[in-house]
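Given next are the chains, with one letter for each unit.
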Amino acid sequence: MAWYELKLQPDGDTWLVTAPDFEEVVTYGDDQESSCRNGLDAILQAIAGRIADGEAIPAPRVETAGKGVFVQLPLIVFLKAALYMILREQGQTRADLMRTLGWHREQIDRLFRLDHNSTLDQLEKAFAAVGTPLRFDVPFPVAA
């Protein structure tokens, strides 16, 4: 899916957590598990902040081959961030998307709020409106 790298460094009784893709991410954890959880939360806050401020979001990795510690974005966050990045890359605004879809402003704003549970149907329509239909690659078991 979509992954971001974390750097974990022992710091006394805690672990210092940073994210190479997000200079604003600095957090701590009591152990590696809580450090990763706190690191993911900090990345989610960074993404939300960048969307709110109209700033670029670094593209996540689609593979985690090799060494390192990586956290996976929740699917809904990945989709909302991807929609934001595509819209920004195309030089379009939320108002442009609103006009294209014929939706109200609040409906569009919710698509970019990470704390709002947008539906897959809404996101699918928004992606189609920006010319990027959603595609999922799910490996299915092969029947013998």
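Everything here concerns the structure above.
Cut-offs used in this document
- Residues numbered from 1 in each chain as written.
- Predicted model: local features only at pLDDT ≥ 70, side-chain atom pairs only at ≥ 80, totals over all residues.
- Heavy atoms only, no water.
- Pairing = 2+ DSSP bridges.
- Helix = DSSP H or I, 4+ residues; strand = E, 2+ residues; numbered from the N terminus.
- Phe/Tyr/Trp six-rings, centres within 6.5 Å; stacked < 30°, edge-to-face > 60°.
- Expected span 1.5 Å × (residues − 1).
- Buried < 20%, exposed > 50% of the residue type's maximum accessible area, 1.4 Å probe, protein only.
- Contact = heavy atoms within 4.5 Å.
- Salt bridge = Lys/Arg side-chain N within 4 Å of Asp/Glu carboxyl O.
- Axes fitted to C-alpha atoms, helices over the stretch in contact; angles between N-to-C directions.
- Lys, Arg positive; Asp, Glu negative; His and termini not counted.
- Polar contact = N/O pair within 3.5 Å; in protein donor to acceptor, adjacent residues only side chain to side chain.

Student: Just to check I follow, could you spell out the pairing of strand 3 (residues 22-29) for this structure?
Tutor: Every regular strand shows the same layout, with side chains that alternate between the two sheet faces. As judged from the 5 bridges shared by strand 2 (residues 14-19) and strand 3, these two strands associate in the antiparallel manner. Within strand 3, the position partnered with Leu 16 by the bridge is Tyr 28.

Student: What's the story with the packing of aromatic side chains in this structure? I'm lost.
Tutor: Two descriptors summarise a pair of aromatic rings, namely the distance from one centre to the other and the angle between the planes of the rings. Enumeration over the complete set of coordinates arrives at 1 aromatic pair. A centroid spacing of 5.0 Å and a plane angle of 70° characterise the contact between Tyr 4 and Phe 22, whose relative ring orientation is edge-to-face. Here the residue Tyr 4 occupies a position in strand 1 (residues 3-11), and Phe 22 occupies one in strand 3, the gap between them amounting to 18 residues.

Student: What is the right way to look at helix 1 (residues 32-53) in this model?
Tutor: Every α-helix carries 3.6 residues per turn, so stepping three or four residues along brings you back to the same face. In a regular helix each residue adds 1.5 Å, so 22 residues correspond to 32 Å; helix 1 covers 31 Å between its end C-alpha atoms and thus fits that length. Every buried residue of helix 1 is accounted for by Ser 34, Ser 35, Cys 36, Gly 39, Leu 40, Ala 42, Ile 43, Leu 44, Ala 46, Ile 47, Arg 50 and Ile 51. For helix 1, the elements touching its buried residues are strand 1, strand 2, strand 3, strand 4 (69-72), helix 2 (75-89) and helix 3 (94-101). Directly after helix 1, the chain includes Gly 54, whose backbone phi takes a positive value near 70°.

Student: Explanation requested: the pattern of salt bridges in the structure shown.
Tutor: If the charged atoms of two oppositely charged side chains come close together, the side chains can form a pair. For the structure on display, the rule yields 11 salt bridges. Where Glu 33 meets Arg 37, a salt bridge forms, and the shortest distance between an N and an O atom there is 3.6 Å. With Glu 33 and Arg 37 both in helix 1 and 4 residues apart, the pair spans about one turn of that helix. Put simply, Arg 94 and Asp 109 hold a salt bridge, and the shortest N to O gap is 3.4 Å.

Student: Even after reading the chapter, I still don't get the sheet that holds strand 2, so can you show me in this structure?
Tutor: The strands that make up a sheet pair up through hydrogen bonds in the backbone, lying either parallel or antiparallel. Taken together, 4 strands build an open sheet; the order of strands is 3-2-1-4 and the sheet is antiparallel. Pairing within the sheet leaves two strands with one partner each, and these edge strands are strand 3 and strand 4. Ignoring which end each strand starts from, the neighbouring axes of this sheet average 35° apart. Sheet contacts for helix 1: strand 1, strand 2, strand 3 and strand 4; angle to strand 3, the most-contacted strand, approximately 150°.

Student: It is not clear to me how the side chain of Lys 80 should be interpreted in this structure. Could you clarify?
Tutor: Examined against the element boundaries, Lys 80 turns out to sit in helix 2. Buried and unpaired, Lys 80 has no salt bridge, with Asp 115 as the nearest side chain of opposite charge at 6.5 Å. Beyond its immediate stretch of four places on either side in the chain, Lys 80 contacts Arg 110, Leu 111, Phe 112, Arg 113, Leu 114, His 116, Ser 118 and Leu 123.

Student: Please explain the side chain of Ser 118 as it appears in this structure.
Tutor: Following the sequence through the fold, Ser 118 ends up in the loop between helix 4 (105-111) and helix 5 (120-129). For Ser 118, the side chain forms a polar contact with the side chain of Lys 80, separated by 2.9 Å. Beyond its immediate sequence surroundings of up to four residues, Ser 118 is in contact with Ile 76, Lys 80, Arg 110, Leu 111 and Leu 123.

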